[in-house]
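For reference, the chains in residue letters:
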Amino acid sequence: MAAGYVDTNGVRLWHEELGRPDGAPVLLVMGGGASVVWWPPELIGGLVGAGYRVVQFDNRDTGLSTHVDWASAPYGIEDMAGDAIGVLDGVGIDAAHLVGVSVGGMVAQAAALQYPDRVRSLTLISTTPGPDPRLSPGDDSVFAGLDRPVETDEDIAELEVDFCRAVAGSRFAFDEQYYRGIVAADLARGMNPAANAPSASSRIDDLARIQVPTLVVHGTEDPVYPYDHAEVLAKGIPKATLARWEGVGHEQPPQLVPELTRMVIQHIDAAS
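Caption draft 1: Geometry of the overall build of the chain. Scanning the chain from N- to C-terminus turns up seven helices and eight strands. Computed over its C-alpha atoms, the radius of gyration of the chain comes to 17 Å, within 12% of the 19 Å expected for a compact globule of 272 residues. Summarising its shape, the C-alpha atoms of the chain cover approximately 45 × 35 × 35 Å along the three principal directions. Here the chain, with 272 residues, has 55% of them falling under the buried criterion. Within the chain, counting contacts between residues at least 6 apart in sequence, those at least 24 apart form 76% of the total. Of the roughly 11,400 Å² of accessible surface on the chain, 51% is carried by carbon and sulfur atoms. Side chains of the chain give 18 positive and 38 negative charges; the mean places of these two sets differ by 7 Å.

Take a look at the structure:
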């Protein structure tokens, strides 16, 4: 296990390496505003146990990485793709299997398009090919009440848990304590309340250029990126497979982490 920082693309990014140094490299790219604590330990443990060299990092504006002054230095998905490649450069990896969740899935797509020689495969979880009028709009009602002012860590924690509850699907009962634990760990690690969503553009017309094996995992009740976003990804990427999670929202429910772990390992094994 090794952890450290890499300076790239105008930011300093915390990263950690786990598993076998000679294993097939896997880069985990978390969603917007979320540090590495949101990765399920069972998924990471499964990847390490399968013999991979696993690299995780805090995106800019999260955790132990640089927190950006958005007003003076706005950034986009393409910038974050450059960050991810910068992490690979920093740890001496030529090309990796990328696993991305939500915004991290958009970053992974952008990396595959901008740096095709650096990406061996993609796993895209609860994500989208980007804003596009050809896609169903998200349900803005899940954000109702989430624009309230926050002054304390307790305020932030309540806001985060409320959001997790709002975007969860109906298949499983909402486990409030599970999410409170993650949110508490995220706050303790370092959260930037002033962070903003990175700018993004549609990649629908570019998906055919992604030539690596791709696994798309998506819930049928995702209110942020409705299910047709996943269908468009799976149809547009030539070597894509779509795994449909019935009754799941914009989440990776703990009950499905064992299944997710098996799917990701099988996908990476087949692509290696």
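Once the structure has been displayed, the description carries forward.
Caption draft 2: Fine view of the sheet that holds strand S8 (residues 240-245). Taking strand neighbours across the sheet as the criterion, the eight strands line up as S1-S2-S4-S3-S5-S6-S7-S8 in an open arrangement whose pairing is mixed. The outermost strands of the open sheet, each flanked by one partner alone, are strand S1 (2-8) and S8. Pairwise comparison of adjacent strand axes, ignoring direction, gives a mean angle of 20 degrees for this sheet. As judged from the six bridges shared by strand S5 (residues 96-101) and strand S6 (residues 119-125), these two strands associate in the parallel manner. Within S6, the position partnered with Leu98 by the bridge is Leu122. Packing of helix H6 (residues 227-236) onto the sheet brings it into contact with S6, strand S7 (214-219) and S8, and relative to S8 it is tilted by some 160 degrees.

Caption draft 3: Main features of helix H4 (residues 153-167). For H4, built from 15 residues, the straight-helix expectation of 21 Å at 1.5 Å per residue is met to within 8% by its first-to-last C-alpha distance of 21 Å. The complete set of buried residues in H4 reads Ile156, Ala157, Leu159, Val161, Cys164 and Val167. As for H4, its buried residues are in contact with helix H5 (176-189).

Caption draft 4: Layout of the packing of helix H1 (residues 41-49) against helix H7 (residues 257-271). Taken N-terminus to C-terminus, the directions of H1 and H7 make an angle of 30 degrees; their axes are 9 Å apart at the nearest point. By the angle between their axes, H1 is roughly parallel relative to H7. Two packed elements cross with a definite hand, and for H1 against H7 that hand is right-handed. Along its contact with H1, which presents Glu42, Leu43, Gly46 and Leu47, the element H7 presents Val257, Pro258, Leu260, Thr261, Val264, Ile265 and Ile268.

Caption draft 5: Examining unusual backbone geometry more closely. Not every positive phi belongs to a glycine, and Asn9 is a case in point at roughly 60 degrees. For Asn9, the position within the fold is in the loop between S1 and strand S2 (11-19). Note on Asn9: relative accessible area 41%, which makes it partly exposed.

Caption draft 6: Focus on the environment of Thr220. Tracing the sequence through the fold places Thr220 in the loop between S7 and H6. Put simply, Thr220 and Val91 are 129 residues apart on the chain and 37 Å apart in space, counted from C-alpha to C-alpha. Once residues within four sequence positions are removed from consideration, Thr220 is found in contact with Tyr227, Arg244, Trp245, Glu246, Gly247 and Val248.

Caption draft 7: A look at the nonpolar core. In this structure, Leu27, Leu98, Val107, Leu122 and Ile210 are the most contacted members of the largest nonpolar core, which totals 43 residues. Of all the elements in the fold, those that place two or more residues in this core are S2, strand S3 (25-29), strand S4 (53-57), helix H2 (77-90), S5, helix H3 (103-114), S6 and H6. Tallying contributions element by element places H3 first for this core, with eight residues. Contacts of Leu122, omitting those with residues within four sequence positions, involve Leu98, Ala108, Gln109, Ala112, Ile210, Val212, Pro213, Thr214, Leu215 and His267.

Caption draft 8: Here's a closer look at the pattern of salt bridges. Tallying each qualifying case throughout the model produces 15 salt bridges. The shortest N-O distance in the salt bridge between Asp7 and Arg12 comes to 3.0 Å. For Asp83, the salt bridge goes to Arg60, with nearest N and O atoms at 2.7 Å. A residue pair is termed long-range when its members are at least 10 positions apart, and Asp83 in helix H2 and Arg60 in the loop between S4 and H2 qualify at 23 residues. Arg60 shares its class with Asp83; the two are buried. Salt bridges linked by common partners bring Arg148, Glu158, Asp162, Arg165, Glu176 and Arg180 together as one network.

Caption draft 9: Molecular detail of the environment of Asp139. Mapped onto the elements, Asp139 comes out in the loop between S6 and H4. Owing to a relative accessible area of 37%, Asp139 belongs among the partly exposed residues under this scheme. It is 9.4 Å that separates the C-alpha atoms of Asp139 and Val167, two residues lying 28 residues apart in sequence. Side chain to side chain, Asp139 and Ser141 meet in a polar contact 2.6 Å long.

About the criteria used
- Chains are numbered independently. Their residues run from 1 in the order of the written sequence.
- Two thresholds apply to this predicted model, a pLDDT of at least 70 for residue-level local features and 80 or more for giving and counting side-chain atom pairs, whereas whole-chain, interface and lining totals are computed over all residues.
- For side-chain calculations, the full set of non-hydrogen atoms in the structure is used, while hydrogens and water are omitted.
- The secondary structure listing takes helices from DSSP runs of H or I that are at least 4 residues long and strands from runs of E that are at least 2 residues long, numbered from the N terminus.
- Based on C-alpha atoms, the radius of gyration is set beside the globule rule, defined as 2.2 Å times the residue count to the power 0.38.
- Throughout, exposure labels follow a simple rule: accessible area from a 1.4 Å probe, protein chains only, divided by the maximum for the residue type, with under 20% read as buried, over 50% as exposed, and the rest as partly exposed.
- Residue contacts follow a heavy-atom distance rule, with two residues in contact if any of their heavy atoms lie within 4.5 Å.
- In short, Shrake-Rupley with a 1.4 Å probe defines the accessible areas, and a residue's cover is counted only from the protein chains shown.
- Charge counting follows a simple rule: Lys and Arg are positive, Asp and Glu are negative, and His as well as the terminal groups are ignored.
- Charge coordinates come from a single atom per side chain, which is NZ of Lys, CZ of Arg, CG of Asp or CD of Glu.
- Strand pairing follows a simple DSSP-based rule, namely that at least 2 bridges must link the two strands.
- In this analysis an axis means a line fitted to C-alpha atoms, helices contributing only their contacting stretch, and an angle means the value between N-to-C directions, from 0 to 180 degrees.
- Expected span of a helix, by definition, is 1.5 Å for each gap between consecutive residues, and there is one gap fewer than residues.
- Comment on the angle field: the value is read as roughly parallel under 35 degrees, roughly antiparallel over 145, roughly perpendicular from 65 to 115, and oblique elsewhere.
- We call a crossing left-handed when the near helix sits turned anticlockwise from the far one by less than a right angle, and right-handed when that turn is clockwise.
- Grouping buried Ala, Val, Leu, Ile, Met, Phe, Trp, Tyr and Cys residues that are joined through side-chain atoms within 4.5 Å yields what is termed a nonpolar core.
- Basic side-chain nitrogens of Lys or Arg form a salt bridge, by our definition, when they fall within 4 Å of a carboxyl oxygen of Asp or Glu.
- Between N or O atoms, a polar contact is any pair within 3.5 Å; within protein, one atom must be a potential hydrogen donor and the other a potential acceptor, and residues adjacent in sequence are included only when both atoms are from side chains.

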